[in-house]
Amino acid sequence: MLTQIMLAIFQILIIIALAPLLSGIIKKVKAFFQIRKGPSIFQPYYDIAKLLRKDSVVSENVSWIFYASPLVSFAAILTAGLLIPIFISDIPFGFAGDLIAVVYLFALARFFTALASLDAGSSFGGMGGSREMFVASLVEPAMMLSIFAVAVYAGSTNLGSISQTVSNLGIDAMSPSYLLAFVAFFIIAIAETGRIPVDNPATHLELTMIHEAMILEYSGKQLAIVELAAMMKLLLVFSLLASIFFPWGMDAAGIPAALGIYLIKIAILGVAMAVVETSTAKWRLFRLPELMSISLMLSFLALISFIIVKGG
Amino acid sequence: MDYNLFSGLVIFYLIGAASSIIFNKKDRLSSYAAFLNAAVGSVFGILFSISIISGESFNFEIQGTSFLNFGFFVDRLSAFFILVISIATLAVSIYSTGYVKEYFGKKNIGYLGFLYNIFILSMIMVVSANNAVMFLIVWEMMSLISYFLVIYEHEKPEVRKAGFIYIVMTHIGTGFILLSFLILAGASGSFSFESFSGAAIPPLLKDLVFLFALIGFGAKAGIVPLHIWLPYAHPAAPSNVSALMSGVMIKTAIYMLIRVFFDFLGSGVMWWGFLVLALGAISALAGIMYAVVESDIKRMLAFSSIENMGIILLGLGASMIFFAAGNPGLSAIAAVASLYHLLNHSVFKGLLFMGAGSIIFSTHTKNLEKLGGLIRKMPVSSVLFFTGVLSISALPPFSGFVSEWMTLQSLLLGFSLNDTFVMIAFSISAAVLALTGALAALCFLKTFGIGFLALPRSQQAEHAKEVNSPMLLGMGLFAVLSILFGVLPVFIIPFLDRIVQTFTGDGSFSYGYFGTITLSGGNSMSTPALLILILMLALLPLMILLLYNGKMRSPVYETWGCGQPVSTARNEYTGTAFSKPVQMWLGSFYKPGREITTTYSVSPFFRESIRFGSRTEQIFERYLYAPAVKHVLEGSRKVKLIQTGSIHAYLAYIFVTLVILFMFVILGGR
């Protein structure tokens, strides 16, 4: 029991500690492709440390929702982090929720952030909240279909057993349905974390932004919490991809080696995300349904190919 | 014991009805007489139904006399619905004692209290009738009394229109119910429900019974495309009545659907389940799509009821498919998911309707665009309303999450049937359910964010006050239940499992420590653990905020608006704007129209005012009902030719009819 709790605390610390690093790596790789030197990969840590030293200026119109929202979002995302296998597949809190619960926990975090965006009464916030919830509505059906594709493939929605099943299959896991589901999930991951072409995390221009518009009223320590939560979500969505689609090397080699392998996987996914972000332009908001229907179709094809393979 | 409890509940509702009429002249006394008696009656109902469900004595029966074989029959399924009705009644009755103060001196309270009590009693009779004739009588009573309740504020023309649409739709439904019962009675030779369940019916007639029952009860349940009365009737009724109509009345139709499909018709055919599943998916999606763009809070809630009935039907359809495929265990899981959502919906929708009633009570408007800032004016109501919002948006660890999770899991279990069509249908349904859930979150986020947060958008909202304590108590009861049903599924599911055992099979759930529920596929979930984790992990950022680098200072300043002074309500985001992206995305469904009228002073260069109006089309009304109504009217006009208005002509008709009948009897009728 005690080791279980220690493992859980260790996992929380890993998530919090690594989240800014991943954002730093992505920024650095993007700078490399844009032939810039770019800030150090540790810049996000400095940013958070700086924000934590500042006062939080708060709008005069806000209610308790505005204060509660960063806490709830942060906690919901971290709770989701306890349900995702990172370096061992037999996670201590695996019983508490499955893949579907992870999605709903992310929804809880999003709900509170979007609600806080309306609290100050500024149009920017409302615009961001509205777009965020709109994009979420586009993402959810595709997400659910790919969850189904993964779940029928691995025979469970509990992430621990998905990881175990896929890693036991080894190279046999590379079936059409698996690859299609992976591409579908990667598109979802882009949308879920608000990266280009869905949202541009680097801009504060009101015409293009979604997430940044929602959190416009936050400053100082509260902003640090909100930013850290967003980085954690990015890390966790990547971890989700890694634990579902390449869970290899998780249990075999002991915790330090597994952590190293995890770092490499996340770094590779981060580079892939940076490549996608530099090679595409941000899409118009109303072209996003097209992107998400691609993902929806891919997950549907993944399911169909699973059904064909299983039936034949 | 059971007998006493049942008579107790009947007697208290009757006393409530009678005494509210007796004290008619005294508003306050009359309202207490009506609603407190109803509350006591509902406590009897709760005790009675729990005793039936948990008792080993399977059912409870009161036989009628030999002349009129009318009686009551309560098995666990009926008892579950009595429980749902009674819980809702308890909270709504407490709420009503405060809410009806709105009508003191303006309307007849005794009349409202009388109808209210009889309405609840008729719902309980509907789910406990043991005979088709008896059932039709109480069903009609329920429909008519709810009609009178809908038109309670009949001095408003839109209320009268709503009542008309409701009564027409409900009678179309009753017509189909009558047809299906006649077929069943023809096959079984009796009108008692007991004989229905064993009746040998040819397959084709079975299909007809299924279809007629689906249409008949579907009209009451608000299945798309028979849903059109809900968005009229629910907003028109007083809010406490809407809470009951939307929370429980439409569920009585689900009771009868289960009764007919599982009990009367026995093991059904696959396609029935698929039809129910498809209608559920369509209702869920269409309902929430209309709800998203609606600015009238009560209309929005009515549309959302259509959505939730769709989700309930998704579970029911899946259950029927499993049952027809000969897998009672999975059928039970889907049925439990469906009943769980039904229970949750009755609670959080009741809560939200009462919340809407509170808003109307203190602001006298139900237009979302005129609200705002209520979280400061009505702090307690807003927390209670927020609980309902979180539950209906299916966010963990609130109640909606548990039932939606179970519905998704039961759809996923469909893959174990190894039937291609089932797999594809269930995957699509799951995608639709996910989209519905996301849109519901958007819709209720908009409602709470626009209605309760930021600055008041009108004078009414500016002067809103917290509502009185009975209203808060009624809502509080439901808010507590929404949290409990979310956090303690480990107590609710075994209870529901006992109920579905009577018509499907054993659900084979297993329960672990921390209130973990594990389904037969091995997938597990524990809302108590999630709640504890969220609460504990929220301490982490809280500590950072409070402890890091000394004390927390939060200077208060105006909202950032690019340097412009924008802190006025006119600059706030509106509800319409909030849902606009969805409206644009699904434009072919909404068929949005807009009117812009500009007035000019002096010359076209000087605009004086711009008026913007936008609306969405109700496609079912426009493309299905409008042509149907047109044809009916045309047909009536043609038939009208024989309606001359002259007595002589009518006598001639009677004469001719008699002659034809005589000829029929004499020539071949023997």
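Residues numbered from 1 in each chain as written. Chains lettered and ligands numbered in written order. Predicted model: local features only at pLDDT ≥ 70, side-chain atom pairs only at ≥ 80, totals over all residues. Heavy atoms only, no water.

(A) Broad picture of the overall build of chain B. Helices and strands together make up the secondary structure of chain B, namely 25 helices and eight strands. For chain B, the C-alpha radius of gyration of 27 Å lies close to 26 Å, the compact-globule estimate for 670 residues. Seen through its principal axes, chain B has C-alpha atoms that stretch 100 × 75 × 60 Å. A burial count over chain B gives 60% of its 670 residues as buried. For chain B, contacts bridging at least 24 residues in sequence account for 78% of all contacts bridging at least 6. Positive and negative side-chain charges in chain B, numbering 40 and 30 respectively, have mean positions lying 9 Å apart. (Helix = DSSP H or I, 4+ residues; strand = E, 2+ residues; numbered from the N terminus. Rg over C-alpha atoms; globule rule 2.2 N^0.38 Å. Buried < 20%, exposed > 50% of the residue type's maximum accessible area, 1.4 Å probe, protein only. Contact = heavy atoms within 4.5 Å. Lys, Arg positive; Asp, Glu negative; His and termini not counted. Charge placed at Lys NZ, Arg CZ, Asp CG, Glu CD.)

(B) Here's a closer look at the overall build of chain A. A count of helical and extended segments in chain A gives eleven helices and one strand. In summary, chain A has a C-alpha radius of gyration of 19 Å against a globular reference of 20 Å for 312 residues, a match within 12%. In terms of its C-alpha atoms, chain A occupies a principal-axis envelope of roughly 60 × 45 × 40 Å. Per-residue burial for chain A yields a buried fraction of 65% across its 312 residues. Summed over its atoms, the accessible surface of chain A is roughly 10600 Å², and 71% of this surface lies on carbon and sulfur atoms. Charged side chains of chain A number 18 positive and 18 negative; the gap between the two group centres comes to 8 Å. (Areas by Shrake-Rupley, 256 points an atom, 1.4 Å probe, with all protein chains shown as cover.)

(C) Quick look at the interface of chain A and chain B. Counting residues at the interface gives 77 residues for chain A, matched by 84 residues for chain B. At the boundary of chain A with chain B, total buried surface from both sides reaches about 7000 Å², with 75% on carbon and sulfur atoms. Viewed at the interface, chain B and chain A are joined by zero salt bridges. At the surface where chain A touches chain B, the tally comes to 18 residue pairs in polar contact (both at pLDDT 80 or more). Ranked by residues supplied to the side of chain A that touches chain B, first place goes to helix H5 (residues 123-154) of chain A with 18 residues. Two elements, strand S1 (residues 58-59) of chain A and strand S6 (residues 556-557) of chain B, share two bridges in a ladder whose sense is parallel. The residue of S6(B) that forms the bridge with A:Ser59 is B:Tyr557. (Buried area = accessible area lost by both parts, 1.4 Å probe. Salt bridge = Lys/Arg side-chain N within 4 Å of Asp/Glu carboxyl O. Polar contact = N/O pair within 3.5 Å; in protein donor to acceptor, adjacent residues only side chain to side chain. Pairing = 2+ DSSP bridges.)

(D) Main features of the domain arrangement of chain B. Per the domain assignment, the segments making up chain B are domain 1 (268-542) and domain 2 (619-667). Using C-alpha coordinates to define each centre, domain 1 of chain B is positioned 47 Å away from domain 2 of chain B. (Domains from an automatic or database assignment.)

(E) Focus on the sheet that holds strand S3 (residues 510-512) of chain B. Residues and elements named next belong to chain B. On the basis of which strands lie adjacent, the open sheet formed by three strands has the order S3-S4-S5 and antiparallel pairing. In this open sheet, the two edge strands, each paired with only one partner strand, are S3 and strand S5 (524-525). In this sheet, strand S4 (residues 516-518) lies alongside S3 in antiparallel orientation, the contact comprising three bridges. Along S4, the bridge assignment pairs Ser510 with Thr518.

(F) Expanded view of the nonpolar core. Residues and elements named next belong to chain B. Judged by nonpolar contacts, the single largest core of 365 residues is most densely connected at Phe135, Phe181, Phe217 and Phe261. Among the domains, domain 1 (268-542) and domain 2 (619-667) are the pair contributing at least three residues each to this core. Sequence-distant contacts of Phe135, defined by excluding residues within four places in its chain, comprise Val126, Ala129, Ile177, Phe181, Phe193, Phe217 and Met256. (Core = buried A, V, L, I, M, F, W, Y, C linked by side-chain atoms within 4.5 Å.)

(G) Up close: the pattern of salt bridges. Summed over all chains, the structure comprises 14 salt bridges over all chains. Two residues, A:Glu290 and A:Arg287, come together in a salt bridge whose shortest N-O distance is 3.5 Å. For the salt bridge of B:Glu617 with B:Arg622, the shortest nitrogen-to-oxygen distance reads 2.7 Å. Among the residues examined, B:Glu617 registers a relative accessible area of 17% and is labelled buried. A cluster of three or more residues bridged by salt bridges with shared partners is formed by A:Arg110, A:Glu132, A:Glu192 and A:Lys233.

(H) Molecular detail of unusual backbone geometry. Cis rather than trans, the peptide bond between A:Ile196 and A:Pro197 has omega equal to 10°. When you line up the elements, A:Pro197 lands in the loop between helix H7 (176-192) and helix H8 (211-214). With an omega dihedral of 0°, the bond running from B:Pro396 to B:Pro397 counts as a cis peptide bond. The backbone of A:Ile35 shows a phi angle near 50°, a positive value even though the residue is not glycine. Position of A:Ile35 relative to the elements: it lies in the loop between helix H1 (2-33) and helix H2 (43-52). By relative accessible area, which is 79% here, A:Ile35 ends up exposed. With phi around 60°, B:Ala394 is a residue other than glycine that occupies positive phi space. For B:Ala394, the location among the structural elements is in the loop between helix H15 (379-392) and helix H16 (399-413).

(I) Representation of helix H20 (residues 489-500) of chain B in the model. Taking 1.5 Å of rise per residue, twelve residues should cover 16 Å, and H20(B) covers 16 Å from first to last C-alpha, within 8% of that figure. Three or more residues of H20(B) are buried, namely B:Pro489, B:Val490, B:Ile492, B:Ile493, B:Leu496, B:Asp497, B:Ile499 and B:Val500. (Expected span 1.5 Å × (residues − 1).)

(J) Region of the structure containing the pairing of strand S8 (residues 607-615) of chain B. All names here are of chain B. Relative to S8, strand S7 (residues 593-600) runs antiparallel, the two being bridged by eight bridges. The partner of Glu595 across the bridge, within S8, is Gly613. Between S7 and S8, which pair antiparallel and follow one another directly, the connecting turn spans six residues, one of which, Val602, has a positive phi of 50°.

(K) Local environment of the packing of aromatic side chains. Enumeration over the complete set of coordinates arrives at 58 aromatic pairs over all chains. Look at B:Tyr95 and B:Tyr99: their rings are 5.5 Å apart centre to centre, the planes differ by 20°, and that puts the pair in the stacked class. Taken together, the residues span about one helical turn, with B:Tyr95 and B:Tyr99 both in helix H3 (residues 76-99) at a distance of four residues. A relative accessible area of 0% places B:Tyr95 in the buried class. Residue B:Tyr99 is classed as buried on the basis of its relative accessible area, which comes to 3%. Ring centres of B:Phe210 and B:Phe261 lie 4.9 Å apart, and the angle between their planes is 45°; this geometry places the pair in the tilted category. Taken together, the positions of B:Phe210 in helix H8 (residues 203-221) and B:Phe261 in helix H10 (residues 239-264) put the pair 51 residues apart, joining distant regions of the chain. The two residues B:Phe210 and B:Phe261 agree in class, both being buried. Aromatic rings pair up to connect A:Trp64, A:Phe111, A:Phe112, B:Phe385, B:Phe386, B:Phe448 and B:Phe452 into one cluster. The ring of A:Trp283 carries the charged tip of A:Arg287 above its face, separated from the ring centre by 4.1 Å. When the ring centre of B:Tyr232 is taken as reference, the NZ or CZ atom of B:Arg299 above it lies at 5.4 Å. (Phe/Tyr/Trp six-rings, centres within 6.5 Å; stacked < 30°, edge-to-face > 60°. Lys NZ or Arg CZ within 6 Å of the ring centre and 35° of its normal.)

(L) Structural context of the side chain of B:Arg259. Residue and element names in this part refer to chain B. Mapped onto the fold, Arg259 is located in helix H10. Judged by relative accessible area, Arg259 falls into the buried class, the value being 5%. A distance of 2.9 Å separates a polar atom in the side chain of Arg259 from a polar atom in the side chain of Asp75. Apart from the residues lying within four places of it in its own chain, the contact partners of Arg259 are Phe73, Asp75, Leu77, Ser78 and Phe264.

(M) Local environment of helix H6 (residues 157-188) of chain B. An ideal rise of 1.5 Å per residue puts 46 Å on 32 residues; H6(B) measures up with 46 Å between its terminal C-alpha atoms. B:Gly189 sits one or two residues past H6(B) and shows a positive phi near 80°.

(N) Inspection of the side chain of B:Asp207 at higher detail. Summarising the element assignment, B:Asp207 is placed in helix H8. Apart from residues no more than four positions distant in its own chain, B:Asp207 is found in contact with B:Val269, B:Trp271 and B:Trp272.

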